[in-house]
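Here is what each chain is made of, one letter per residue.
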Amino acid sequence: MPAEPCSATVENIERAGAFLQAGRLVAFPTETVYGLGADATDDRAVAGIFEAKGRPSFNPLIVHVPDETTARLHVHFTPEAAKLAAAFWPGGLTLVLPRKKKTPISLLVSAGLDTIAIRVPDHDIALAMLRAAARPIAAPSANASGKMSPTEAGHVIESLGHSELLAMVLDAGSCRIGLESTVVGFPEGETPVLLRPGAISREEIELVLGRGLADAEPAGGEAGRSSPGQLASHYAPDVPVRLDAVNVHPDEVLLAFGYHIPESAHATLNLSPSGDLREAAANLFTMLRTLNAHAEGRTIAVMPIPHHGLGAAINDRLKRAAAPRT
Ligand code: TXA
Ligand code: MG
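The following paragraphs examine the structure supplied in this document. (Residues numbered from 1 in each chain as written. Chains lettered and ligands numbered in written order. Predicted model: local features only at pLDDT ≥ 70, side-chain atom pairs only at ≥ 80, totals over all residues. Heavy atoms only, no water.)

Topic: the overall build of the protein chain
Working step 1: Each helix and strand in the protein chain was counted, giving 10 helices and 15 strands.
Working step 2: Here the protein chain, with 326 residues, has 56% of them falling under the buried criterion.
Working step 3: Put simply, 66% of the contacts in the protein chain that link residues at least 6 apart link residues at least 24 apart.
Working step 4: Total accessible area computed for the protein chain in this model is approximately 13,700 Å², and 54% of it derives from carbon and sulfur atoms.
Working step 5: Distance between charge centres in the protein chain, computed from 28 positive and 36 negative side chains, equals 5 Å. (Helix = DSSP H or I, 4+ residues; strand = E, 2+ residues; numbered from the N terminus. Buried < 20%, exposed > 50% of the residue type's maximum accessible area, 1.4 Å probe, protein only. Contact = heavy atoms within 4.5 Å. Areas by Shrake-Rupley, 256 points an atom, 1.4 Å probe, with all protein chains shown as cover. Lys, Arg positive; Asp, Glu negative; His and termini not counted. Charge placed at Lys NZ, Arg CZ, Asp CG, Glu CD.)

Here's what the structure looks like:
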């Protein structure tokens, strides 16, 4: 039960690898968000992820590997998947591909599907830890299920630090991108599907494929076009969230974007005064956390965010943060 994060020294990375080999959980940095890692081939360790997060067990996990060669041991690549891996790995793109019969990856990771979501993170510490562990590592974002994703080691301690299952939090500062990976599926004989918008924009992916991505069906849809993790309420602060706010009530706190800020909010943080979507993505979860902590029950009003590029992923997270809680 870690009270504090451990700095990502060579020695601590080796310890993290040993904890993972022993079936313990380790939280680690990636370029997108902090992950809660477990040996993907160990059923008990993977079950520990669901337990620590309080995660519905029907929600499958992303497997992290150090390179494409390792990924190919576990899943069948299609030619288009290979194109995307060549263009974006290491990086914030997760490919959902058919499981190989002989993969030792736990069936729990796939949560009943015949596919595995897999990616190579673009982060030196994550890659060093994956090599030290020498096995595929399943890792969702390192937060309690349904809550905001962690972009700093301290966020992980706040959300999961009490868990007996968590052996260690590796600290490498703030995550460069701050939003989870984009998830793309490859249903047989169909157009690749954007299952979750994220760190790599739809436009960039479509440019490499030379064709458009299909849209995901709502959760539970047929044709393998839905991603079970896309629950309506997710990334939720404790207080209500109001989107597309063009003015702000005096009793609200404001998450602003751009230069033209409506006045008289109780408190304001600005995702990006210059209107830079990359900066806004990197600030999103940290600012939501800070406003949530100071809101004292007040609503968080969020100004409109443009929908192109990373804006699609930002708006996706905000929509879920604002969704009715169940
Ligand atoms: O950036 C990220 O992707 C972070 C870091 C730690 O790598 N991980 C992350 O994992 O966000 P998680 O578990 O919070 O989100 C996994 C997403 C969910 O939407 C889940 O439904 C989808 O990937 N997913 C996983 N396996 C899948 C599968 N076999 N088929 C369809 N969707 C899948
Ligand atoms: Mg998550």
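Text resumes after the structure shown.
Things to note about the sheet that holds strand S12 (residues 241-242)
Working step 1: Spatially, four strands are ordered S12-S15-S13-S14 in an open sheet, and the strand pairing comes out parallel. Both edges of this open sheet fall to S12 and strand S14 (267-270), since each of them pairs with a single strand only.
Working step 2: Alignment of strand S13 (residues 253-256) against S14, held across four bridges, turns out to be parallel. Among the inter-strand pairings, Leu254 is bridged to a residue of S14, identified as Thr268. (Pairing = 2+ DSSP bridges.)

Focus: the packing of aromatic side chains
Working step 1: One pass over the structure, following the stated rule, counts two aromatic pairs.
Working step 2: Where Phe77 meets Trp89, the ring centres are 6.1 Å apart and the plane angle is 90 degrees; that geometry is what we call edge-to-face. With Phe77 in the loop between helix H3 (68-71) and helix H4 (79-88) and Trp89 in the loop between H4 and strand S5 (93-98), this pair connects stretches of sequence that are 12 residues apart.
Working step 3: Take Phe77: its relative accessible area is 17%, and that puts it in the buried class. (Phe/Tyr/Trp six-rings, centres within 6.5 Å; stacked < 30°, edge-to-face > 60°.)

Describing the sheet that holds strand S3 (residues 35-39)
Working step 1: The strand order S1-S8-S2-S3-S7-S4-S6-S5-S9-S10-S11 describes an open sheet built from 11 strands, whose pairing is mixed. Lying at the two open borders of the sheet, with one neighbouring strand each, are strand S1 (6-7) and strand S11 (214-215).
Working step 2: Relative to strand S6 (residues 115-119), strand S4 (residues 62-64) runs parallel, the two sharing three bridges. Residue pairing across strands places His64 opposite Arg119, the latter belonging to S6.
Working step 3: Relative to S3, helix H2 (residues 43-53) is tilted by about 150 degrees, and along the sheet it contacts strand S2 (25-28), S3 and strand S7 (137-138).
Working step 4: Docked against the sheet, helix H7 (residues 153-160) engages S2, S3 and strand S8 (166-171), running at close to 160 degrees with respect to S8. (Axes fitted to C-alpha atoms, helices over the stretch in contact; angles between N-to-C directions.)

Quick look at the pattern of salt bridges
Working step 1: Applying the stated criterion across every chain yields a total of 14 salt bridges.
Working step 2: Put simply, Arg242 and Glu252 hold a salt bridge, and the shortest N to O gap is 2.9 Å. Linking Arg242 in strand S12 with Glu252 in the loop between S12 and S13, this pair joins segments that are 10 residues apart in sequence.
Working step 3: Overall, the relative accessible area of 24% leaves Arg242 in the partly exposed class.
Working step 4: Using a relative accessible area of 4% as the deciding quantity, one classes Glu252 as buried.
Working step 5: Notably, a salt bridge pairs Arg317 with Asp316, separated by 2.6 Å at the nearest N-O pair. (Salt bridge = Lys/Arg side-chain N within 4 Å of Asp/Glu carboxyl O.)

Quick notes on the environment of Asp67
Working step 1: Along the chain, Asp67 falls in the loop between S4 and H3.
Working step 2: A relative accessible area of 29% places Asp67 in the partly exposed class.
Working step 3: Separated by 22 residues in the primary sequence, Asp67 and Trp89 place their C-alpha atoms 7.9 Å from one another.
Working step 4: Among the polar contacts made by the side chain of Asp67, one reaches the side chain of Thr70 at a distance of 2.6 Å. (Polar contact = N/O pair within 3.5 Å; in protein donor to acceptor, adjacent residues only side chain to side chain.)

Here we look at the nonpolar core
Working step 1: Membership of the largest hydrophobic core comes to 65 residues, with the highest contact counts inside it found for Phe77, Leu84, Trp89, Leu93, Leu95, Met129 and Ile205.
Working step 2: Counting residues per element, this core draws most heavily on helix H6 (residues 124-133), at seven residues.
Working step 3: Counting 28 residues, the second largest nonpolar core, distinct from the first, contains Val239, Val253, Ala280 and Ala321. (Core = buried A, V, L, I, M, F, W, Y, C linked by side-chain atoms within 4.5 Å.)

Quick look at H2
Spacing of three or four residues puts side chains on the same side of an α-helix, whose turn is 3.6 residues.
Working step 1: Within H2, burial applies to Ala45, Val46, Gly48, Ile49, Phe50, Ala52 and Lys53.
Working step 2: Of the surrounding elements, those touching the buried residues of H2 are S2, S3, helix H5 (107-110), S7 and H7.
Working step 3: The backbone nitrogen of Arg44 has a side-chain oxygen 3.0 Å away, supplied by the residue at the start of H2, namely Asp42.
Working step 4: Looking one or two places after H2, you find Gly54, whose phi comes out positive at around 65 degrees.

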